[in-house]
Amino acid sequence: MTQQGAALQGYNNELVKCIEDLSLQKEELNKQIQQAEEEKNKLQHQIQVLNEQLECVCEDLAQKVASRNELDKILAETEAAYMKILDSSRTLLNVLKKEVGSLKSTPELKSH
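Keep in mind that what you see is a predicted model, and the values were worked out from it rather than measured.

Undergrad: What is the right way to read the overall build of the protein from this model?
TA: From N to C terminus, the protein includes two helices and zero strands. Rg of the C-alpha trace for the protein: 47 Å, well past the compact-globule value of 13 Å for 112 residues, more than 25% over. Overall, the C-alpha framework of the protein stretches about 155 × 20 × 20 Å when taken along its three principal axes. Expressed as a percentage of its 112 residues, the buried residues of the protein come to 0%. Summing over all exposed atoms, the protein offers an accessible surface of approximately 10,600 Å²; the carbon and sulfur share of this is 60%.

Structure representation (structure tokens):
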């Protein structure tokens, strides 16, 4: 019976050692889990900050694009009006040249 008692004591010692080893592994794993959760929270915060920054940039970009589109419209209208002014000026100049040309051919101006 002593032999069986000794064997039982040996098994018990091994079992206690295995339980202690598992407990140490669990503690180490808990530390790793806590570190991973802290890293996850840090990254989630960074994502939130970046999303807020992205939203601001997108709003700013939309405003700038709208302003550019408005400037494009104004510029196109201004250029079209300017082209009309140039065309009118050219027409006016041609008419003036014809009038001056016909005045030069009148006898009253030839004597001066």
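Undergrad: Would you take a moment to explain the pattern of salt bridges for this structure?
TA: Opposite charge on two side chains permits them to pair, given that their charged atoms come into close proximity. A complete count under the given rule lists three salt bridges for this structure. A salt bridge links Lys17 to Asp21; the shortest N-O distance between them is 3.3 Å. Linking Lys17 with Asp21, this pair stays in helix H1 (residues 2-104), spanning four residues, or about one helical turn. Assessed through its relative accessible area of 48%, Lys17 is described here as partly exposed. For Asp21, a relative accessible area of 32% puts it in the partly exposed group. Residue Asp60 pairs with Lys64 through a salt bridge whose shortest N-O separation is 3.1 Å. Placement of both Asp60 and Lys64 in helix H1 is noted, with a separation of four residues, approximately one turn of the helix. Take Asp60: its relative accessible area is 35%, and that puts it in the partly exposed class.

Undergrad: How do you make sense of the UniProt feature "coiled-coil region" (unreviewed entry) in the protein when you look at a structure like this?
TA: Cross-referencing UniProt, the feature "coiled-coil region" (unreviewed entry) maps to residues 12-60 in the present numbering. Counted over residues 12-60, helix gives 100% and strand 0%. Its end C-alpha atoms are 71 Å apart.

Undergrad: I tried to follow a nonpolar patch on the surface on my own but got confused; where do I start?
TA: Together, Tyr82, Met83, Ile85 and Leu86 give the surface a local cluster of nonpolar side chains, amounting to about 420 Å² of exposed area. Its location among the elements puts Ile85 in helix H1.

Undergrad: Help me understand the environment of Ile74, please; the structure alone is not making it clear to me.
TA: Within the secondary structure, Ile74 is located in helix H1. The sequence separation of Ile74 and Glu55 amounts to 19 residues, and the corresponding C-alpha distance is 29 Å.

Undergrad: Whenever I open this one, the environment of Gln34 confuses me. Can you help?
TA: Note that Gln34 resides in helix H1. Separated by 49 residues in the primary sequence, Gln34 and Met83 have C-alpha atoms spaced 72 Å apart.

About the cut-offs
- Residues numbered from 1 in each chain as written.
- Predicted model: local features only at pLDDT ≥ 70, side-chain atom pairs only at ≥ 80, totals over all residues.
- Heavy atoms only, no water.
- Helix = DSSP H or I, 4+ residues; strand = E, 2+ residues; numbered from the N terminus.
- Rg over C-alpha atoms; globule rule 2.2 N^0.38 Å.
- Buried < 20%, exposed > 50% of the residue type's maximum accessible area, 1.4 Å probe, protein only.
- Areas by Shrake-Rupley, 256 points an atom, 1.4 Å probe, with all protein chains shown as cover.
- Salt bridge = Lys/Arg side-chain N within 4 Å of Asp/Glu carboxyl O.
- UniProt positions renumbered as here; feature names shortened; annotations may be inferred.
- Patch = residues over 30% accessible without salt bridge, like charges linked within 9 Å, V, L, I, M, F, W, Y side chains within 5 Å.

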